[in-house]
Each structure stands twice: as C-alpha cells, then as structure tokens.
Amino acid sequence: MFHELHCLRRMRATFTSFDPEGWDHIQHCLNYLREMVLCKADITLERGDFMTRNMTEVRLGATHLCRDWEAIYDQVGLNWLQWYHFMENSNFTASDFST
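The rules behind these values
Residues numbered from 1 in each chain as written. Predicted model: local features only at pLDDT ≥ 70, side-chain atom pairs only at ≥ 80, totals over all residues. Heavy atoms only, no water. UniProt positions renumbered as here; feature names shortened; annotations may be inferred. Helix = DSSP H or I, 4+ residues; strand = E, 2+ residues; numbered from the N terminus. Rg over C-alpha atoms; globule rule 2.2 N^0.38 Å. Buried < 20%, exposed > 50% of the residue type's maximum accessible area, 1.4 Å probe, protein only. Contact = heavy atoms within 4.5 Å. Lys, Arg positive; Asp, Glu negative; His and termini not counted. Charge placed at Lys NZ, Arg CZ, Asp CG, Glu CD. Salt bridge = Lys/Arg side-chain N within 4 Å of Asp/Glu carboxyl O. Patch = residues over 30% accessible without salt bridge, like charges linked within 9 Å, V, L, I, M, F, W, Y side chains within 5 Å. Areas by Shrake-Rupley, 256 points an atom, 1.4 Å probe, with all protein chains shown as cover. Core = buried A, V, L, I, M, F, W, Y, C linked by side-chain atoms within 4.5 Å.

Per UniProt, the comment on the protein chain under Sequence similarities (unreviewed entry) is "Belongs to the ustYa family." Per its UniProt entry, the protein chain bears the Pathway (unreviewed entry) comment "Mycotoxin biosynthesis."

Caption draft 1: Structural context of the overall build of the protein chain. Helices and strands together make up the secondary structure of the protein chain, namely 3 helices and 0 strands. Sequence-ordered secondary structure for the protein chain, helices as α and strands as β, is α-α-α. What you see for the protein chain is a C-alpha radius of gyration of 21 Å, clearly larger than the 13 Å of a compact globule of 99 residues, by over 25%. Along the three orthogonal principal directions, the C-alpha set of the protein chain runs to about 65 × 35 × 25 Å. For the protein chain, with 99 residues in total, the buried portion stands at 12%. Excluding contacts between residues fewer than 6 apart, the proportion of contacts in the protein chain whose partners are at least 24 apart in sequence is 34%. Looking at the protein chain, you have 9 positive and 14 negative side-chain charges, and the mean spots of the two groups are 7 Å apart.

Caption draft 2: Structural view of the side chain of glutamate 4. Here glutamate 4 lies in helix 1 (residues 2-17). Of the side chains bearing the opposite charge, lysine 40 lies closest to the buried glutamate 4, which forms no salt bridge; the N-O distance is 5.2 Å.

Caption draft 3: Region of the structure containing a nonpolar patch on the surface. A grouping of Met1, Phe2, Trp69, Tyr73 and Val76 is seen on the molecular surface, where their side chains present a nonpolar patch of about 450 Å² in accessible area. In terms of residue count, the dominant contributor to the nonpolar patch is helix 3 (residues 69-90) (3 residues). Mapping valine 76 onto the fold places it in helix 3.

Caption draft 4: Representation of the nonpolar core in the model. Counting 7 residues, the largest nonpolar core is built from Cys7, Met11, Ile26, Cys29, Tyr32, Leu33 and Met36. Put simply, the parts of the chain that give this core at least two residues each are helix 1 and helix 2 (23-39). Broken down by element, the residue count for this core peaks at 5 residues, all from helix 2. Leaving out residues up to four positions away in the same chain, leucine 33 has contacts with Glu4, Cys7, Leu8 and Met11.

The structure is reproduced here in structure tokens:
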C-alpha cells in the first residue's frame, strides 16, 4: 500500500513540476503499479449487461470491502516505534546502515 502511494505521489510531483530527474523513477513506478494490477486483479464479474444498466439506480453486484486503513496505519506506527526503540537501545544510528 505504501509503495503504491509513494509511486502515485512521485508521479504527480514529476508530472506537475516537469522534473526531468523523476522520469527514471516514473518508469519504475508505472511498472510496479502494472504488476500490482495484474497480480492483485479483482476478477469479480458484474451481473447483467453493464452497457445497458443504469449504475446509479441499480446498485446490484458484488460486494467489495476496503481495507481498514486505520488498522494499517496503527500497525505501521507500532512497527516504527519498535524499530526506534531497538535502534535507541542498541546505540545504532541511521548512518550505521548507509552504504
């Protein structure tokens, strides 16, 4: 989820600022988003002829459930706190992991 959001933000920033430095990253992001669409595709079929059905009035079809984003953000925050405390207790700094 966060990689996809990162890619969308980077694409928007590159497209709106016309930053030529961002185009290599855009290629990566487009490929990544393509893979996500193919690998996690929703293959649920809608009943009836979608070309003739009034989607505003006739709301029949498959039920799709979104993820609980708050639970995801809570878990990410907990993970970050655990990492932060580990780094603090181990006397590590970010520069210890840089290349």
